[in-house]
Amino acid sequence: MLCQRPNGHSLYRRRIAQLSVSKYGYTTYTSQKYSYSMPKGCQGFVVTKENDGIKLTEKYKSGDAVPAKTPLLIKAAPGAYPIYQTEREAVAPTEGENLLRGEFDAEGKITYGLGNEKNYYYYKLTTQNKANFGFYFGAKDGGPFKMSNT
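Predicted model, so just to flag it, every value in this text is computed and none were measured. (Residues numbered from 1 in each chain as written. Predicted model: local features only at pLDDT ≥ 70, side-chain atom pairs only at ≥ 80, totals over all residues. Heavy atoms only, no water.)

Visitor: Even after reading the chapter, I still don't get the overall build of the protein chain, so can you show me in this structure?
Guide: Counting secondary structure elements, the protein chain contains 0 helices and 12 strands. For the protein chain, the sequential pattern of α-helices and β-strands runs β-β-β-β-β-β-β-β-β-β-β-β. Excluding contacts between residues fewer than 6 apart, the proportion of contacts in the protein chain whose partners are at least 24 apart in sequence is 60%. Summed over its atoms, the accessible surface of the protein chain is roughly 9,800 Å², and 49% of this surface lies on carbon and sulfur atoms. (Helix = DSSP H or I, 4+ residues; strand = E, 2+ residues; numbered from the N terminus. Contact = heavy atoms within 4.5 Å. Areas by Shrake-Rupley, 256 points an atom, 1.4 Å probe, with all protein chains shown as cover.)

Here is the structure:
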């Protein structure tokens, strides 16, 4: 897509991915290489610890620049949303604030915490027996598991 800036210079917006939001209205996403613009109609949340539970905190609204390697829980109406790379400055949430992690190797295997796996649990956002949408272990013991996409 070619966009015209007010100063007359053109800027090529490169599409880097597409979000698929399920019928439940949520998905997860992290861009491994590029900062991106939060798609129109989407809200990006970090997951933080609160007392004995977790809390969702909105950090990115539609159009905000999201830094690479910032895993988010994204809320939107069900459907597909293109993700475009951005050159705008993207500010990451405060260090240590987000409980979500998302690092993958070329084969799609989770790599965050390698060598330190016992200090982490690994979940995926899905349904259990096609009901009860939420976060569930990807492997029985809560350890690393292979994914087909991030």
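Visitor: How do you make sense of the environment of serine 20 when you look at a structure like this?
Guide: By the secondary structure assignment, serine 20 is in strand β3 (residues 15–21). Take serine 20: its relative accessible area is 53%, and that puts it in the exposed class. Measuring from C-alpha to C-alpha, the distance between serine 20 and proline 78 comes to 7.6 Å, with 58 residues separating the pair along the chain. (Buried < 20%, exposed > 50% of the residue type's maximum accessible area, 1.4 Å probe, protein only.)

Visitor: Please explain the nonpolar core as it appears in this structure.
Guide: Proteins that are soluble and globular tend to have nonpolar side chains buried together. Ranked by internal contacts, the top residues of the largest apolar core, which has 15 residues, are Leu19, Tyr29, Tyr36, Met38, Cys42, Leu72 and Ile74. Considering each element in turn, this core owes the most residues, 3 residues, to β3. Not counting the four nearest positions on each side in its chain, leucine 72 is found in contact with Thr27, Thr28, Tyr29, Tyr36, Met38, Gly44, Phe45, Val46, Tyr60, Val66 and Leu100. (Core = buried A, V, L, I, M, F, W, Y, C linked by side-chain atoms within 4.5 Å.)

Visitor: I would appreciate a short explanation of unusual backbone geometry in the present structure.
Guide: Most peptide bonds take the trans form, and the phi angle of most residues other than glycine is negative. Not every positive phi belongs to a glycine, and lysine 69 is a case in point at roughly 60 degrees. Considering the arrangement of structural elements, one finds lysine 69 in the loop between β8 (65–66) and β9 (72–75). A relative accessible area of 46% means that lysine 69 is categorised as partly exposed.

Visitor: What is the right way to read the side chain of serine 37 from this model?
Guide: Along the chain, serine 37 falls in strand β5 (residues 36–37). Once residues within four sequence positions are removed from consideration, serine 37 is found in contact with Gly63, Asp64, Tyr84, Thr86 and Arg88.

Visitor: I'm lost on a nonpolar patch on the surface in this one. Help?
Guide: A cluster of nonpolar side chains, contributed by Tyr121, Tyr123, Phe135 and Phe137, occupies part of the molecular surface with about 430 Å² of accessible area. One can find phenylalanine 137 in strand β12 (residues 131–137). (Patch = residues over 30% accessible without salt bridge, like charges linked within 9 Å, V, L, I, M, F, W, Y side chains within 5 Å. Salt bridge = Lys/Arg side-chain N within 4 Å of Asp/Glu carboxyl O.)

Visitor: Would you take a moment to explain the sheet that holds strand β6 (residues 43–50) for this structure?
Guide: Backbone hydrogen bonds hold the strands of a sheet together, and the pairing may be parallel or antiparallel. In space, the 4 strands of this open sheet follow the order β4-β9-β6-β7, with antiparallel pairing throughout. The sheet is open, and its two borders are formed by β4 (26–29) and β7 (53–60), each paired with just one other strand. Ignoring strand direction, the axes of neighbouring strands in this sheet form an average angle of 40 degrees. Here 4 bridges tie β4 to β9, and the two strands are oriented antiparallel to one another. By the bridge assignment, tyrosine 26 is partnered in β9 with lysine 75. (Pairing = 2+ DSSP bridges. Axes fitted to C-alpha atoms, helices over the stretch in contact; angles between N-to-C directions.)

Visitor: Help me understand the environment of lysine 40 in this model?
Guide: Residue position: lysine 40 is located in the loop between β5 and β6. Here the alpha-carbon distance between lysine 40 and lysine 61, two residues 21 residues apart in the chain, equals 8.3 Å. Not counting residues within four places of it along the chain, the set of residues in contact with lysine 40 comprises Ser62 and Tyr81.

Visitor: Explanation requested: the packing of aromatic side chains in the structure shown.
Guide: We describe a pair of aromatic rings using the distance from one ring centre to the other and the angle between the two ring planes. Tallied over the entire structure, the rule returns 2 aromatic pairs. Measuring from centroid to centroid gives 4.4 Å for tyrosine 24 and phenylalanine 133, while their planes differ by 10 degrees, and the two rings are stacked. Here the residue tyrosine 24 occupies a position in the loop between β3 and β4, and phenylalanine 133 occupies one in strand β12, the gap between them amounting to 109 residues. On the basis of an interplanar angle of 85 degrees and a centroid distance of 5.3 Å, the ring pair of tyrosine 29 and tyrosine 36 is categorised as edge-to-face. Note on tyrosine 29: relative accessible area 9%, which makes it buried. (Phe/Tyr/Trp six-rings, centres within 6.5 Å; stacked < 30°, edge-to-face > 60°.)

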